[in-house]
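What the coordinates show
In case you want the letters, here they are:
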Amino acid sequence: MHLTATTQFGLEELLADELYDLGADITHVGSRAVEFIGDQRLLYNTVLWSRLAMRLLRPFAGFHAPDEKALYREVSRIDWMDFIGPGQTFAITAVVHKSTFEHSLFVAQLTKDAIVDQFRKRTGERPSVDVRNPDIRLHLRMLENEVILSMDAAGDSLHRRGYRQHTNEAPLNEVLAAGLVLLSGWDGKKPLIDPMCGSATILTEAGMISQRIAPGLFHQGKFGFENWYDFDESLWQQLREEAKAQQIEEPQAYLAGSDLDPKVIAQAAQNIEAAGLDECIRLSVRDVKDAAPPKNQPPGLVITNPPYGERIGEEARMAGLYKTIGDTLKTSFQGYDAFIFTGNLEAAKAVGLKAARRYPLFNGPIDCRLLKYELYQGSRRAPKSA
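My aim in this report is to walk through the structure given alongside it, one point at a time. (Residues numbered from 1 in each chain as written. Predicted model: local features only at pLDDT ≥ 70, side-chain atom pairs only at ≥ 80, totals over all residues. Heavy atoms only, no water.)

1. A closer look at the overall build of the protein
Condition: Only DSSP runs of H or I covering at least 4 residues are called helices, and only runs of E covering at least 2 are called strands; the numbering of each starts at the N terminus. With the radius of gyration taken over C-alpha atoms, the globule rule is written as 2.2 Å times the number of residues to the power 0.38. Buried residues are those whose accessible area, probed at 1.4 Å on protein chains only, stays under 20% of the maximum for their type, while exposed residues exceed 50% and partly exposed ones sit between those limits. Only heavy atoms matter for contacts: two residues are in contact if any of them lie within 4.5 Å across the pair. The convention is simple: Lys and Arg are positive, Asp and Glu are negative, and His and the chain ends are not counted. For charged residues, the charge sits on one atom: NZ in Lys, CZ in Arg, CG in Asp, CD in Glu.
Looking only at helices and strands, the protein features ten helices and 14 strands. By the compact-globule yardstick of 21 Å for 386 residues, the protein fits well, its C-alpha radius of gyration being 24 Å. Its C-alpha atoms give the protein principal-axis dimensions of roughly 85 × 45 × 45 Å. Sorting the 386 residues of the protein into buried and exposed places 50% on the buried side. In the protein, 76% of the contacts between residues at least 6 apart in sequence involve partners at least 24 apart. Averaged over its 44 positive side-chain charges, the protein has a centre that lies 6 Å from the centre of its 51 negative ones.

Structure (structure tokens):
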């Protein structure tokens, strides 16, 4: 079957590598999406194991819709009883780009009307719409009036793992947090420190990587494909058991986080426990200026997502904070590689270190960068010969 996995901007190549490792035949890597070919086993394993996919879509129809009549007509030509069973609820997510249609909600509504009208004519009854938790979630993508209709295999965004009990004011979503860890090149063995860990999403995703925990195991309720006509329950249960068997109990890496707020650390501890990682991740209440690497451990990585300071008048405070982060890295973390993820590039200048690499990413609508700093021990320059 042809499948499309969507992700966040900047993570496309990593997602393609992840899907390839799962056995996918990659056909196209685009902006925020990877198209590939695979079987039912791969579809289930992608939902179970992918750390970088936001949605997994199974396209089943495509057509040109220059106007409202054409959209209604083409949707009506599809036999919807092949996709929506008796008594099942459904919902439509529509994404519209460069089209004569101005509003995605209108497109979704018109598509819904065509589906409902078909059922009413054939059976005398109409299926119900459930926007929050439908049995069948349909995805409509319209680009320049070319429409692709897909079934959403997950039913909900895959970034909602299910382990997060609490979040702080501006949490990273789980896919982005996993992306930061994977972009860093972390090997799953070296120490990983987050000195401003907040709800500990970066550390939790890192722990799941090092302990080989499939993120799909935490999902609450059913996935979308469990309501499809061709759902193979025995195969799904087999793959779940195989995933559980791959988990490693013994901690594989030193993972530690800290934050100044005791309440935030308490909430982070609950998230970590819900992910089954309370034996793998150390937490402490500590100011970033007091952060320090573990003793008797080789140098590793620092990955953190400090505040961006989006409120007016916070420029001076943010500059001071980022300077403190830079001073701490320079004095305490020599030999480490440090990664700062931020949407405030002006404040990032106060770190006082030259970035070895910059990865363009987005945190929601905020244009961000993952900045890599190589913290050398001693001087980089070789001594001059006599």
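2. Description of the packing of helix α3 (residues 68–77) against helix α4 (residues 104–123)
The following threshold applies: All axes are obtained by fitting lines to C-alpha atoms, using only the stretch in contact for helices, and the reported angles, taken between N-to-C directions, cover 0 to 180 degrees. Here is the rule for angles: anything less than 35 degrees is roughly parallel, anything more than 145 is roughly antiparallel, 65 through 115 is roughly perpendicular, and the remaining ranges are oblique. Crossing handedness is defined as follows: a turn of the near helix away from the far one that is anticlockwise and smaller than a right angle gives a left-handed crossing, while the clockwise case is right-handed. Put simply, Ala, Val, Leu, Ile, Met, Phe, Trp, Tyr, Cys and Pro go in the nonpolar bin, Asp, Glu, Lys and Arg in the charged bin, and everything else, Gly too, in the polar bin.
Viewed as axis vectors pointing N to C, α3 and α4 meet at an angle of 45°, and their least axial separation amounts to 9 Å. Classified by the interaxial angle, the pair formed by α3 and α4 is oblique. Crossing of α3 over α4 shows right-handed handedness. Contacts between α3 and α4 involve Glu-68, Leu-71, Tyr-72, Val-75 and Ser-76 from the former and Phe-106, Val-107, Leu-110, Thr-111, Asp-113, Ala-114, Ile-115, Asp-117 and Gln-118 from the latter. Here the contact of α3 with α4 is built from residues that sort into eight nonpolar, three polar and three charged.

3. Things to note about the sheet that holds strand β5 (residues 90–97)
The test is simple: Being paired, for any two strands, means DSSP has found at least two bridges between them.
Reading across from one edge, β2-β3-β1-β4-β7-β6-β5 is the order of the seven strands in this open sheet, with mixed pairing throughout. The open sheet terminates on both sides in strands that have one partner only, identified here as β2 (25–30) and β5. Pairwise comparison of adjacent strand axes, ignoring direction, gives a mean angle of 30° for this sheet. Bridge analysis of strand β1 (residues 2–6) against strand β3 (residues 33–37) gives five bridges, and the strand direction is antiparallel. Bridging across to β3, His-2 finds its partner in Ile-37. Contacting β1, β2 and β3, helix α1 (residues 12–22) runs over the sheet at an angle of about 170° to β2. α4 rests against β5 and β6 (136–143) of the sheet, and its axis sits at about 140° to β5.

4. Thoughts on the pattern of salt bridges
For clarity, the cut-off: Any carboxyl oxygen of Asp or Glu within 4 Å of a side-chain nitrogen of Lys or Arg constitutes a salt bridge here.
This structure, assessed with the given rule, holds 18 salt bridges. Close ionic contact of Arg-120 with Asp-117 constitutes a salt bridge, the shortest N to O distance being 3.0 Å. In this pair, Arg-120 and Asp-117 are both assigned in helix α4, three residues apart and thus about one turn of the helix distant. The class for Arg-120 is partly exposed, based on a relative accessible area of 39%. Linking Asp-327 and Lys-323 is a salt bridge whose minimum nitrogen-to-oxygen distance equals 2.9 Å. Placement of both Asp-327 and Lys-323 in helix α9 (residues 315–332) is noted, with a separation of four residues, approximately one turn of the helix. Lys-323 gets classed as partly exposed once you look at its relative accessible area, which sits at 45%. What you see here is one network of salt bridges that share partners, running through Arg-73, Glu-74 and Arg-77.

5. Brief notes about the sheet that holds strand β9 (residues 255–259)
In sheet architecture, strand pairing relies on hydrogen bonds along the backbone and comes in two forms, parallel and antiparallel. As summarised here, the arrangement of the seven strands in space is β10-β9-β8-β11-β12-β14-β13, forming an open sheet in which the pairing is mixed. Of all the strands in the sheet, the pair left with one neighbour each is β10 (281–285) and β13 (357–363). For this sheet, the mean inter-axis angle between neighbouring strands, taken without regard to orientation, is 20°. Its contacts with the sheet put helix α8 (residues 262–274) on β9 and β10, and the angle it makes with β10 is roughly 165°.

6. Brief notes about unusual backbone geometry
You will see that Arg-32, though not glycine, has its phi angle at about 65°, which is positive. In this structure, Arg-32 sits in the loop between β2 and β3. Since its relative accessible area comes to 39%, Arg-32 is described here as partly exposed.

7. Regarding the packing of aromatic side chains
For clarity, the cut-off: Only Phe, Tyr and Trp rings take part, Trp by its six-membered ring, and two of them pair if their centres are within 6.5 Å. Stacked means planes under 30 degrees apart, edge-to-face means over 60, and tilted covers everything else. Either the NZ atom of lysine or the CZ atom of arginine qualifies as a charge over a ring when it sits within 6 Å of the ring centre and within 35 degrees of the ring normal.
Applying the stated criterion across every chain, the model contains 14 aromatic pairs. Here the aromatic residues Tyr-44, Phe-223, Phe-225, Phe-231 and Trp-236 are joined through ring pairs into a cluster of three or more. For the cation-ring pair, Arg-32 lies above Phe-362, with the distance from its terminal atom to the ring centre recorded as 5.6 Å.

8. Things to note about the state of the cysteines
Applicable threshold: Two cysteine sulfurs form what is called a disulfide whenever their separation falls within 2.5 Å.
A complete count under the given rule lists zero disulfides for this structure. There is no disulfide at Cys-197, and the cysteine sulfur nearest it, in Cys-280, is 16 Å away. With no disulfide of its own, Cys-368 has Cys-197 as its nearest cysteine by sulfur position, at a separation of 19 Å.

Fair warning: the whole summary comes from geometry, so function is off the table for now.
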